[in-house]
Amino acid sequence: MDKKTLLRKIPSVNEILNMTEVQQWFSLLPRPLAVKAIREVLEELRTGIRSGKYRDVRLEDILSNVEKNIRFLSEGSFRPVINATGVVIHTNLGRAPLPVSVVQRIVEIARGYSNLEYSLAEGKRGERYDHIRGLLKDLTGAEDAIAVNNNAAAVLLCLSALARGREVVVSRGELVEIGGAFRIPDVMKQSGAVLKEVGTTNKTHLRDYEEAINEETALLLKVHQSNYRIIGFTEEVPIEELVALGRRKNIPVMFDLGSGCFVDLSEYGLQGEPVVRDIIKKGVDIVTFSGDKLLGGPQAGIILGRRELIREVARHPLTRAVRIDKLTLSALQAVLYLYMDTEKVKEEIPVIRMLLQDKEIIKKRAQKIIRALKDNNKRVFLKLQQDYSQAGGGSLPGISMPTYVVAFRIEGIPVVEIEKLLRMGSPAVVARIKEEALIIDPRTVDDSEVALLVKALKEVINRFV
Ligand SMILES: *Cc1c(COP(=O)(O)O)cnc(C)c1O
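Owing to the predicted nature of the structure, the values given are computational and were not obtained by experimental measurement. (Residues numbered from 1 in each chain as written. Predicted model: local features only at pLDDT ≥ 70, side-chain atom pairs only at ≥ 80, totals over all residues. Heavy atoms only, no water.)

Before going further, it helps to spend a moment on the pairing of strand β14 (residues 400-410). Here β14 lies mainly inside the structure; 8 of its 11 residues are buried. Pairing geometry for strand β13 (residues 380-390) and β14, over 11 bridges, is antiparallel. Within the sheet, the bridge partner assigned to F381 lies in β14 and is R409. (Buried < 20%, exposed > 50% of the residue type's maximum accessible area, 1.4 Å probe, protein only. Helix = DSSP H or I, 4+ residues; strand = E, 2+ residues; numbered from the N terminus. Pairing = 2+ DSSP bridges.)

Structure, rendered in structure tokens:
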């Protein structure tokens, strides 16, 4: 059949809308969206015919694609995803999954009124930061603390409040870009502070900082290198020495920690992330970090440090523009409560649990997935392999954690097609491709998600074999 005849065989949107099997799907989706779903399918078919991809027009195929599209749209564009990448803090996949108990707190606060900015003891206005201030002080040893929208906002705010119109000394090796166009030099510009770069890319000495200090200097800033690492002939100034210099010159020292970890991961062989409490103990005056990286909580930017500096930051007008909302605050408070019980942290904070997970447990989960999918079909290949997972989110840069993965292939089917079907499926599954196989890393798949993951994989297998 030639292309013109095929194009003429495509039914109209109205013809499809009037079919009885289509009517029932409208319960899933408002009518205008259903029309859009049908249009999209017909348009894809038209394009496919023109390019020669399709050589037939079959009503069953059209209806099945319309149904799939309607179901896809009815679930909404923003929905849960199974993270089979093994990247624990995956920024594109929403960073830290929250503990169930924390989610319950959000629901309790969200559904009604709360004492967000009201002191129940005194019957008058209170401060939203009071709900986390005490916990953060106890957990880190800092004199005072507030929390804002995210760590990018925390850095911008601190620089604006403490260094506008004055100089901030930073090592050249720390002028990093953290995904999503957050670049230290740009943030500095936005804050109105003047960047004073010192040292070279690979080496910065204490005397470099010392020589850069003058009467215009407002801050000495240290930035966690996050997503990159300089190796080889390198030197950076230990934070203790920077603090000592700051003291001598009477200039506050600020440290953008990026991740901000409360657990000493080096005890478990994961080196490179300082513990917030240790950094405060070393005398750093202002510390900022994210709520949803290694802390494993909601998106937030936490600012800790000396009382008078935190007061100054809290008073700045930008604080109001980047303030933390009540749902996030409720989640942050609940996560901080969990940290008060060190025994519970490793089990109850998903990010920490996944990072420290024994690889034998991951192996068992991988084997379970393989067992559930084995049906002796000669075209389906499932192999248990050793591989590595990443922390992600700029945390623990350069560290790979040994894991076990399932390598999945279907003979004759390009792996990119399998990867796409899974990602478009229900539930959506995101995995990575390596050497013509789909790699499923169960480190980041919760036990409660295994059955759903198996179902999604079965659907893909059934489609091709
Ligand atoms: C991640 C990161 C930020 C940005 O934090 P967000 O919470 O994502 O805004 C800033 N600085 C460093 C060093 C980081 O690693």
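Every one of the 13 residues lining the ligand counts as a neighbour, but A152, S226, D256, S290 and K293 are closest to it. One of the side-chain nitrogen or oxygen atoms of N150 is found 3.4 Å away from an oxygen atom of the ligand. In the model, an oxygen atom of the ligand is placed 2.8 Å from a nitrogen or oxygen of the K293 side chain. Relative to its free-state accessible area of 380 Å², the ligand is covered by the protein chains to the extent of 95%. Contributions of two or more residues to the shell around the ligand are made by α8 (151-163) and β10 (253-258). (Near = heavy atom within 4 Å. Polar contact = N/O pair within 3.5 Å; in protein donor to acceptor, adjacent residues only side chain to side chain. Areas by Shrake-Rupley, 256 points an atom, 1.4 Å probe, with all protein chains shown as cover.)

To summarise the sheet geometry, strands pair through backbone hydrogen bonds and adopt either a parallel or an antiparallel arrangement. The strand order across the open sheet formed by 4 strands is β13-β14-β17-β16, and the pairing between neighbours is antiparallel. Of all the strands in the sheet, just β13 and β16 (432-434) have a single pairing partner and so form its edges. Strand after strand, the sheet turns through a mean of 40° between neighbouring axes, direction not considered. Sheet topology note: the β16/strand β17 (residues 437-440) ladder contains 3 bridges and is antiparallel. When the bridges of β17 are listed, I433 appears paired with L438. Across the sheet, helix α18 (residues 359-373) is in contact with β13 and β14; its angle to β14 comes to roughly 10°. Sheet strands in contact with helix α20 (residues 450-464) are β13, β14 and β17, and its direction is about 30° off that of β14. (Axes fitted to C-alpha atoms, helices over the stretch in contact; angles between N-to-C directions. Contact = heavy atoms within 4.5 Å.)

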